[in-house]
Amino acid sequence: MIVVLLILHALMAVALLGAITHQALSVLRISPAANGRWTFIDRFRGVDATAYTTPIVVLFAVTALGGALLYPQYRVDVRPALEDTQNVAANGVFEIKEHLVAIGLGLLPSYWLFWRRPNGPETAAPRRYLTWLLAFFVWWSFIVGHVLNNIRGLLPS
Amino acid sequence: MNGSRLTIFSMMFGVIYLVAFYYDLALFRYYPEVSEFHWLRHDNLGVVILWYGWIATSALASAAIAFAVPKSLADRLWPGWAWIIPTAVVVAMLIYERRWFV
C-alpha cells in the first residue's frame, strides 16, 4: 500500500512540476527573438498560463496530502536510519522540504487570487513572484523527495 | 473570505508557521509508532510528528487574523506584501535551517 501511495505521490509531483514550470517560465519577461523564430523555450513559455492556476492549486494540495500520508513511514523508518548513518544533511534538506510545502499550502489562496484577478500592473508582480516562489518549493521538494527515496543506492555502502 | 482577507491569510500563514515551528506551538501531536494523536506531549509514545500540528496552528491563527482585520484596512493592503512577506519567511527559515549543514 505504501509503495502504491509513494508512486502516486511521485506521479502527482511530476504533473505539478510540469505545470508550475510552464507557468513560471510564462511570466518571465523576455524580449521576442529578432528573427521572429520560436525556440523550444519560447514554445514552452507560450502557454495560456492562467489555465494552469487551478490545476496547480489542486495538484499542490493533493501532492502535499500524499506526502503527509507518507510522512509517518519516513519518520519511523527512514529518518532514524539517516541519523544512524550520520546523514545530517539529508535530514536537513527534508526538514526544509516540509517547511516549504507547509508555507506553499498557505500561499495557495493568494496565488490563486492573483491569477484570477484581471491583469494589471499592480497584480503582475505579485502574480509573477508568487508563481516563482511556488516553483522553487515544488522543484526543491521534487528533487529532495527523489534523492531521499533513492538514497541507499546513491550513498557508498 | 474576500480577496484582501485571502491575501492576509496567506501572508500570515507563513509567519505563524515559522513561529509555531520555532517555539513548538503544534496544535496537536501525532505519534506514528502507536498511530495516536494527542494534544499534549507524551514522551513514552516514541517518535513524534509535529508538522501536522504546526500547519493546523498556522491555518487557524492566520484565518482568525484574516477575519479580525477590519475590511477597510484589508482593502488598503499593498499587493506587494503578498510575495515580500512569504519570501522573507522562506529566507528566515533557510537561515535557521543552516544548522543541518555546519
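Scope of this entry: the structure provided in the associated data block. Keep in mind it's a predicted model, so treat the numbers as computed, not measured. (Residues numbered from 1 in each chain as written. Chains lettered and ligands numbered in written order. Predicted model: local features only at pLDDT ≥ 70, side-chain atom pairs only at ≥ 80, totals over all residues.)

### Quick look at the overall build of chain A
Step number 1: Scanning chain A from terminus to terminus reveals six helices and zero strands.
Step number 2: Along chain A, helices (α) and strands (β) appear in the sequence α-α-α-α-α-α when read from the amino end.
Step number 3: Seen through its C-alpha atoms, chain A measures out along the principal axes to roughly 55 × 35 × 25 Å.
Step number 4: In chain A, once contacts between residues fewer than 6 apart in sequence are set aside, the share between residues at least 24 apart is 78%. (Helix = DSSP H or I, 4+ residues; strand = E, 2+ residues; numbered from the N terminus. Contact = placed C-beta atoms within 7 Å.)

### Focus: the overall build of chain B
Step number 1: Scanning chain B from N- to C-terminus turns up four helices and two strands.
Step number 2: Helices (α) and strands (β) of chain B occur, in sequence order from the N terminus, as α-β-β-α-α-α.
Step number 3: Taken over C-alpha atoms, the radius of gyration comes to 16 Å for chain B, far larger than the 13 Å a tight globule of 102 residues would show.
Step number 4: Taking the principal axes of the C-alpha coordinates as reference, chain B spans close to 50 × 35 × 15 Å.
Step number 5: Residues counted as buried form 35% of the 102 residues belonging to chain B.
Step number 6: Contacts spanning at least 24 positions in sequence make up 69% of the contacts within chain B whose residues lie at least 6 apart. (Rg over C-alpha atoms; globule rule 2.2 N^0.38 Å. Buried ≥ 20, exposed ≤ 12 C-beta atoms within 10 Å, placed from the backbone.)

### Looking at the interface of chain B and chain A
Step number 1: On the side of chain A, 29 residues touch chain B, which itself brings 32 residues to the contact.
Step number 2: The biggest single contributor to the side of chain B that touches chain A is helix 1 (residues 3-22) of chain B, with nine residues.
Step number 3: In terms of residue class, the side of chain B that touches chain A is built from 22 nonpolar, eight polar and two charged. (Nonpolar A, V, L, I, M, F, W, Y, C, P; charged D, E, K, R; others polar.)

### Points about unusual backbone geometry
Residues and elements named next belong to chain B.
Step number 1: Phi at D24 takes a positive value of approximately 55 degrees, unusual for a residue other than glycine.
Step number 2: With respect to the secondary-structure elements, D24 resides in the loop between helix 1 and strand 1 (29-31).
Step number 3: The phi dihedral of S35 is positive, around 50 degrees, even though this residue is not glycine.
Step number 4: Relative to the helices and strands, S35 is located in the loop between strand 1 and strand 2 (36-38).
Step number 5: For S35, a count of 9 C-beta atoms within 10 Å gives the class exposed.

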